[in-house]
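Given next are the chains, with one letter for each unit.
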Amino acid sequence: MHVSREELDKKAKAILEEYENKDISPRQRAQIPLQEMPAQDPQVRVTNMEEVALGYTENQVRAEALRCLQCKNKPCIKGCPVGIDIPAFIAAAAKGEHAQALSIIKESSSLPAICGRVCPQESQCQLYCTVGKVLKDVEQSVSIGRIERYVSDYARENKCETMPKVAPETGKRVAVVGTGPAGISAAMDLRRRGHTVVMFEALHKAGGVLVYGIPEFRLPKKIVEHELQNLKDMGVTIRRNYLVGKTRKISDIMGKDGFDAVFVGSGAGLPRFMGIEGENYVGVFSANEYLTRSNLMKAYAVGDALTPLFDSKKVAVFGGGNVAMDAARTAKRLGAEEVSIIYRRTDIEMPARREEVAHAKEEGVKFLYLHAPLEITANEKGRVNGVSLIECELGEPDASGRRSPVEIPGSEKMFDCDTVIIAIGNTSNPLIKATTDGIEVNRWGNFIVNDETCETTLKGVYAGGDIVLGAATVILAMGQGRKAAKAMNEYLLTK
Amino acid sequence: MNKILSKQRLSQEVFRMSIHAPEIAEARSPGQFIILQMGGDFGERIPLTIADADAEEGSITLIFQAVGETTHRLALLEVGDSIENLLGPLGTPTDIKKYGKVVCVGGGIGVAPLFPIVEGMKRAGNEVKVIMGARNESLLIMEEEMRATADEVIVVTDDGSYGRKALVTEPLKELCEEWKPDCVVIIGPPIMMKFAALTTKPFGIHTIVSLNTIMIDGTGMCGGCRVNIGGETKFACVDGPEFDGHLVDWDNLLLRLGTYKPQEEVAHHRCHIGLEIPEGDA
Ligand SMILES: Cc1cc2nc3c(=O)[nH]c(=O)nc-3n(C[C@H](O)[C@H](O)[C@H](O)COP(=O)(O)OP(=O)(O)OC[C@H]3O[C@@H](n4cnc5c(N)ncnc54)[C@H](O)[C@@H]3O)c2cc1C
Ligand SMILES: Cc1cc2nc3c(=O)[nH]c(=O)nc-3n(C[C@H](O)[C@H](O)[C@H](O)COP(=O)(O)OP(=O)(O)OC[C@H]3O[C@@H](n4cnc5c(N)ncnc54)[C@H](O)[C@@H]3O)c2cc1C
Ligand code: SF4
Ligand code: FES
């Protein structure tokens with residue numbers, strides 16, 4: 001049942017009246033009910049592109065913050081890839097000191113409004129939270145991410161963010177390739193230390209996957225724009241429509257153009273296909289293409305946008321990660337009558353954020369588990385009319401620790417659809433490697449870097465994010481951007 | 001950024017523009033293209049070949065046919081206006097080297113992207129013959145430039161209104177039989193490239209074609225431009241746009257080009273009401 005924001009706020013208010021400013025025991029704290037995230041009604045939201053999760057109210061954030069036990073050993077911090085002082089910011093939020101809470105987060109993270117929305121908290125900080133452990137349910141952990149989101153939104157909307165101070169100019173120049181989370185966080189830290197920073201972005205809009213991949217209904221683009229504006233206000237130059245490797249090679253950027261160091265955050269922008277028959281028929285898309293058309297090119301604004309959309313009625317999405325959820329939910333919003341996610345394993349092995357899976361289900365996306373595609377079929381005009389599938393069962397755990405699917409012979413069947421979206425992952429784009437001598441990559445094409453410094457095998461060139469980690473997460477990309485910036489700063493000052 | 005420095009109308013629907021883009025002018029090689037986007041959030045990204053470049057002036061030349069909404073809007077821009085977003089040079093340059101005897105075949109607007117290749121092939125020391133074709137005389141472009149550059153130019157029109165009344169495949173076959181070229185480069189509508197490539201195939205002549213797929217990013221990120229080459233999937237924007245014409249799965253290319261036909265027809269209709277390009281020289 002859908003519960004409105006007003007209703008949730010009322011309940012939170014009652015909790016505050018009962019517990020706030022009282023001496024309450026840890027046991028009582030853990031008994032305070034988890035604050036649900038207010039959301040748009042599923043029936044309504046499938047007809048628009050606006051954000052699904054509406055964010056806590058002030059009462060809710062304080063009620064949720066009351067649930068935190070302020071554990072002495074701070075287990076949640078261990079689960080945070082960038083080590084945010086979680087209990088400290090929650091304590092500030094509980095007192096309504098949101099700007100203070102944000103400052104605490106910003107000591108470790110540069111993009112909290114974004115991470116609060118897209119981090120897989122249930123497998124990071126919230127996995128270790130004592131409250132979840134006590135209640136024996138990770139979904140009952142303190143909603144660290146939602147509190148993080150609230151304080152960031154609050155500070156942005158009330159214009160009480162503290163802007164990072166820029167140190168006196170050092171005269172050193174750094175090029176940052178790519179404007180995704182890795183590039184943004186590297187640029188921010190390098191500029192803060194007084195270096196001149198120029199960012200280069202291939203697309204006509206900056207932001208990386210945050211802009212072209214993750215849909216508006218999950219991450220409003222104005223939030224990404226705000227972060228980019230902050231960078232510009234600090235004096236960072238962003239050059240769009242600039243494909244490093246083609247417009248200019250890294251050797252020329254460091255030679256002719258006189259940059260002292262380069263950070264490469266070019267992401268994992270190479271879609272994987274399934275390697276089955278029929279993949280080039282009309283109506284088969286990589287999730288990247290499907291999402292780029294809708295998000296970057298705004299094709300969902302039919303009538304205004306010049307980029308066309310494929311007319312789909314029955315859509316099959318292959319994959320089980322965030323990308324698959326985003327593609328499926330986008331297809332729903334673009335008017336497809338039936339959208340199914342077809343996954344080789346089962347619900348629990350799906351790598352997507354739990355909240356996205358739940359949202360997709362509420363929106364009517366169907367899930368077909370334990371099925372793998374064999375071949376895509378088409379009509380006489382070459383347009384997709386179905387996929388032949390085979391049933392699978394779970395076998396032994398594979399390298400990722402998840403049980404791997406084993407095909408059941410003789411279980412082939414046809415699945416009717418007119419559109420196939422392939423969301424089985426991305427690998428790193430080979431362009432920079434191919435145009436730069438001296439950069440070494442591993443067998444997946446990821447740049448090899450020094451663990452401590454993020455320096456590549458080419459002196460003065462650093463890298464981080466998906467180009468190093470393979471398709472990973474926003475927070476890991478951001479963490480590497482910051483780590484690299486620290487090492488680059490030292491390199492620049494001794495150069 | 002990207003200011004339009006000059007503009008000419010080459011035929012009813014074909015325009016030539018030179019645009020200030022110093023970095024692209026410096027980096028580009030024949031066979032490469034740009035992607036442009038205009039009109040704020042809602043504009044489409046379209047690929048156009050770099051027909052020429054002047055690194056000293058810092059400019060590139062585009063030659064395009066106004067076929068749909070974006071190319072119509074581009075045709076309405078004047079000298080002094082700017083193109084919001086221009087990315088390039090993209091794609092792999094043409095494999096220009098000394099082959100010996102080269103035939104370059106251009107159909108329709110394909111003559112424009114062919115021109116820098118003709119120049120390049122000449123510079124590399126090849127003997128170059130050009131076959132250029134169009135539906136009728138009014139659609140022929142760049143004949144003078146071609147004549148000034150190539151060793152011989154054969155002009156054909158479908159209706160015989162100018163030059164020889166033939167399809168490009170006729171003189172191409174004759175040259176294959178009599179002149180025995182070492183390499184053939186073909187650029188034009190896909191259907192023409194298909195049949196021209198079929199023409200050279202029995203002679204076993206190395207044949208290069210330039211595939212004009214649908215593209216979005218042009219950086220290898222979306223796979224929308226994928227083509228079937230000898231049974232392997234390739235991305236035209238990074239692995240191409242030029243491929244071995246004898247290995248291309250033409251039928252699949254033609255199918256994929258029709259992906260958005262229904263939507264394009266609506267848009268085409270819209271731009272013909274709203275964006276009429278004034279007659280006369282621009
Ligand atoms: C649809 C989708 C949903 C996702 N959902 C989540 C989620 O919910 N939570 C989460 O944590 N993670 C999610 N991810 C993963 C996350 O977005 C990435 O891990 C993260 O964006 C990586 O950041 P990055 O800075 O390394 O690269 P990117 O964000 O990929 O940015 C790289 C940028 O570099 C540019 N570029 C590439 N090559 C060049 C070049 N040669 N010259 C100039 N510019 C270049 C690209 O155009 C791009 O803008 C999702 C990914 C996708 C695709
Ligand atoms: C690598 C490359 C280089 C190109 N170079 C040139 C060039 O130098 N000059 C030039 O005039 N055109 C060139 N094209 C074609 C050009 O990109 C299209 O004409 C353009 O995208 C049409 O956009 P539109 O919005 O005006 O028309 P749309 O409304 O998108 O399409 C209008 C009509 O054009 C057809 N069309 C759409 N896309 C293409 C395409 N890619 N190729 C052929 N027909 C298409 C459609 O089927 C439709 O009938 C090139 C294409 C590629 C891929
Ligand atoms: S583990 Fe949970 S309860 Fe303990 S400090 Fe962290 S967020 Fe609070
Ligand atoms: S146009 Fe997107 S990969 Fe080629």
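This text goes with the structure placed above it.
First, a word on what this report is: a plain description of the structure on this page.

The rules we used
Position numbers for residues start from 1 in each chain and track the written sequence from start to end. As they are written, the chains are lettered A onward and the ligands numbered 1 onward, keeping that order. In view of the model being predicted, local features appear only for residues whose pLDDT reaches at least 70, and side-chain atom pairs are presented and counted only at 80 or more, with totals across whole chains, interfaces and linings using the full set of residues. Here the side-chain values reflect all heavy atoms present in the structure, with hydrogen atoms and water set aside. In DSSP terms, a helix is any run of H or I states spanning at least four residues, a strand is any run of E spanning at least two, and both are numbered starting from the N terminus. We compute the radius of gyration from the C-alpha atoms alone; for a globule the expected value is 2.2 Å times N to the 0.38, where N is the number of residues. Whether a residue is buried, partly exposed or exposed follows from its accessible area with a 1.4 Å probe, protein chains only, as a fraction of its type maximum: under 20%, in between, or over 50%, in that order. The contact rule is simple, with two residues in contact once any of their heavy atoms fall within 4.5 Å. Using the Shrake-Rupley algorithm and a 1.4 Å probe, accessible areas are obtained, with residue cover drawn only from the displayed protein chains. Among the buried residues, those of types Ala, Val, Leu, Ile, Met, Phe, Trp, Tyr and Cys that are joined through side-chain atoms within 4.5 Å form a nonpolar core. At least two DSSP bridges between two strands are required for those strands to pair. To define axes, lines are fitted to C-alpha atoms, for helices over the stretch in contact only, and angles between the resulting N-to-C directions are given on a 0 to 180 degree scale. The length a helix should cover is 1.5 Å for every residue beyond the first. Neighbouring residues are identified by heavy atoms, a residue being near a molecule or strand if any of them is within 4 Å of it. N or O atoms closer than or at 3.5 Å make up a polar contact, with two conditions inside protein: a donor-capable atom paired with an acceptor-capable one, and, for residues adjacent in sequence, both atoms drawn from side chains. Note: buried area is the sum, over both parts, of the accessible area (probe 1.4 Å) each one loses when the two are combined. We define a salt bridge as a side-chain nitrogen of Lys or Arg found within 4 Å of a carboxyl oxygen belonging to Asp or Glu. Basically, the charged four are Asp, Glu, Lys and Arg, the nonpolar ten are Ala, Val, Leu, Ile, Met, Phe, Trp, Tyr, Cys and Pro, and anything else, Gly included, counts as polar. When the centres of two rings from Phe, Tyr and Trp lie within 6.5 Å, Trp using its six-membered ring, the rings pair. Their planes under 30 degrees apart give stacked, over 60 give edge-to-face, and anything left gives tilted. Lysine and arginine charges are scored as sitting over a ring when NZ or CZ, respectively, is within 6 Å of the ring centre and within 35 degrees of the ring normal. Patches were defined on residues exceeding 30% relative accessible area and lacking a salt bridge, with like-charge contacts within 9 Å and nonpolar side-chain contacts (Val, Leu, Ile, Met, Phe, Trp, Tyr) within 5 Å. Left-handed describes a crossing whose near helix is turned anticlockwise from the far helix through less than a right angle; right-handed describes the clockwise counterpart.

Okay, the overall build of chain A next. Along chain A, the regular secondary structure elements total 21 helices and 16 strands. Here the C-alpha radius of gyration of chain A, 23 Å, is about what a compact globule of 495 residues would show, namely 23 Å. Considered along the principal axes of its C-alpha atoms, chain A spans approximately 65 × 65 × 50 Å. By the burial criterion, 58% of the 495 residues in chain A qualify as buried. Sequence-distant contacts in chain A: of pairs separated by 6 or more residues, those separated by 24 or more amount to 69%. For chain A, the computed accessible surface area is about 20,200 Å², with 50% contributed by carbon and sulfur atoms.

This next bit is on the nonpolar core. Membership of the largest hydrophobic core comes to 75 residues, with the highest contact counts inside it found for I86(A), F89(A), I90(A), I114(A) and M199(A). For this core, the element with the most residues is helix α21 (residues 474–494) of chain A, which contributes 10 residues. Not counting chain neighbours up to four residues away, the residues in contact with I86(A) comprise C76(A), I77(A), C80(A), C125(A) and I144(A). Listed in part, the 38 residues of the second largest apolar core include I35(B), L87(B), I131(B) and F235(B).

Once that is clear, we can look at the sheet that holds strand β6 (residues 85–90) of chain B. Across a sheet, paired strands are connected by hydrogen bonds in the backbone, their directions being either parallel or antiparallel. All names here are of chain B. The antiparallel open sheet is built from six strands, whose spatial order is β1-β2-β5-β4-β3-β6. The sheet is open, and its two edges are formed by β1 (4–9) and β6, each paired on a single side. With direction set aside, neighbouring strand axes in the sheet form an average angle of 30°. Alignment of β1 against strand β2 (residues 14–20), held across five bridges, turns out to be antiparallel. In the sheet register, K7 faces β2, and the bridge partner there is M17.

Moving on, we come to helix α17 (residues 322–333) of chain A. Note: α-helices contain 3.6 residues per turn, so residues at a spacing of three or four share the same orientation. Residues and elements named next belong to chain A. End to end, α17 covers 16 Å across 12 residues, agreeing with the expected 16 Å (1.5 Å per residue, within 8%). Every buried residue belonging to α17 is among A324, M325, D326, A327, A328, R329, T330, A331, K332 and R333, and all of these are buried. Just past α17, the residue G335 takes up positive phi, approximately 105°.

Tracing the sequence through the fold places D260(A) in the loop between α15 (250–254) and β4 (261–264). Apart from residues lying up to four places away in sequence, D260(A) is in contact with G171(A), K172(A), R173(A), M254(A), Y491(A), L492(A) and K495(A).

This part is about the site of ligand 2. Residue and element names in this part refer to chain B. Every one of the 20 residues lining ligand 2 counts as a neighbour, but P47, T49, I63, Q65 and T71 are closest to it. One of the backbone nitrogen or oxygen atoms of I63 is found 2.9 Å away from a nitrogen atom of ligand 2. Between T71 and ligand 2, the recorded distance is 2.3 Å, taken from a side-chain N or O atom to an oxygen atom. Taking 850 Å² as the accessible area of ligand 2 by itself, protein coverage stands at 84%. Take the shell around ligand 2: its biggest share by element is four residues, from strand β4 (residues 45–54).

Turning our attention to the interface of chain B and chain A. With 46 residues of chain B in contact, the opposing surface of chain A contributes 46 residues. Among the residues of chain B in contact with chain A, F42(B), M221(B) and Y260(B) are the three that bury the most area, contributing 19% of the side total. Put simply, chain B and chain A have four salt bridges between them. One can count 21 residue pairs in polar contact (both at pLDDT 80 or more) joining chain B with chain A. The set of elements that each furnish at least two residues to the side of chain B that touches chain A consists of α1 (22–27), α2 (69–75), β6, β13 (226–229), β14 (232–235), α7 (250–257) and α8 (261–274) of chain B. Top element by residues in the side of chain B that touches chain A is β6(B). It accounts for six residues. Residue composition of the side of chain B that touches chain A, grouped by class: 16 nonpolar, 18 polar and 12 charged.

Let's shift gears to the packing of aromatic side chains. Scanning the entire structure with this criterion turns up 10 aromatic pairs over all chains. With a centroid separation of 6.2 Å and 80° between ring planes, the pair formed by F273(A) and F235(B) is classed as edge-to-face. Of this pair, F273(A) sits in the loop between β5 (270–271) and β6 (284–286) while F235(B) sits in strand β14, each in a different chain. Judged by relative accessible area, which is 9%, F235(B) ranks as buried. Three or more aromatic residues joined by ring pairs make a cluster, and in this case those are F285(A), Y290(A), F310(A) and Y260(B). The aromatic ring of F217(A) is capped on one face by R333(A), whose charged end is 3.8 Å from the ring centroid.

Turning next to unusual backbone geometry. For the peptide bond that leads from G88(B) to P89(B), omega is -10°, which places it in the cis range. Position of P89(B) among the secondary structure elements: in strand β6. The step from G240(B) to P241(B) runs through a cis peptide bond, and the omega angle for that step is 10°. Despite not being glycine, L370(A) has its phi angle at roughly 55°, a positive value. For L370(A), a relative accessible area of 23% gives the class partly exposed.

Residue classification places P89(B) among the buried positions, given a relative accessible area of 1%. For the pair P89(B) and G218(B), spaced 129 residues apart in the sequence, the C-alpha separation amounts to 9.9 Å. Leave out the neighbours within four places in its chain, and P89(B) touches K246(A), T247(A), I24(B), A27(B), R28(B), Q32(B), F33(B) and I50(B).

Moving on: a nonpolar patch on the surface. There is a patch of nonpolar side chains on the surface, built from L127(A), Y128(A) and V138(A) and spanning about 220 Å² of accessible area. Counting through the fold element by element, Y128(A) comes out in helix α9 (residues 125–128).

All names here are of chain A. Across the interface, helix α12 (residues 181–192) lies against α21 with an axial gap of 7 Å and an inter-helix angle of 35°. Seen along the crossing, α12 lies across α21 with a hand that is right-handed. Where α12 abuts α21, its residues P181, A182, S185, A186, D189, L190 and R192 lie against V474, A477, M478, G481, R482, A485, M488, N489 and L492. Of the residues contributing to the contact of α12 with α21, the split by class is 10 nonpolar, three polar and three charged.

Residues and elements named next belong to chain B. Structurally, P30 is set in the loop between α1 and β3 (33–37). Taking the C-alpha atoms as reference points, P30 and R135, 105 residues apart in sequence, are found 26 Å from one another. With residues up to four places along the chain from it excluded, the contact list for P30 reads P93, T94, I96, P116 and I117.

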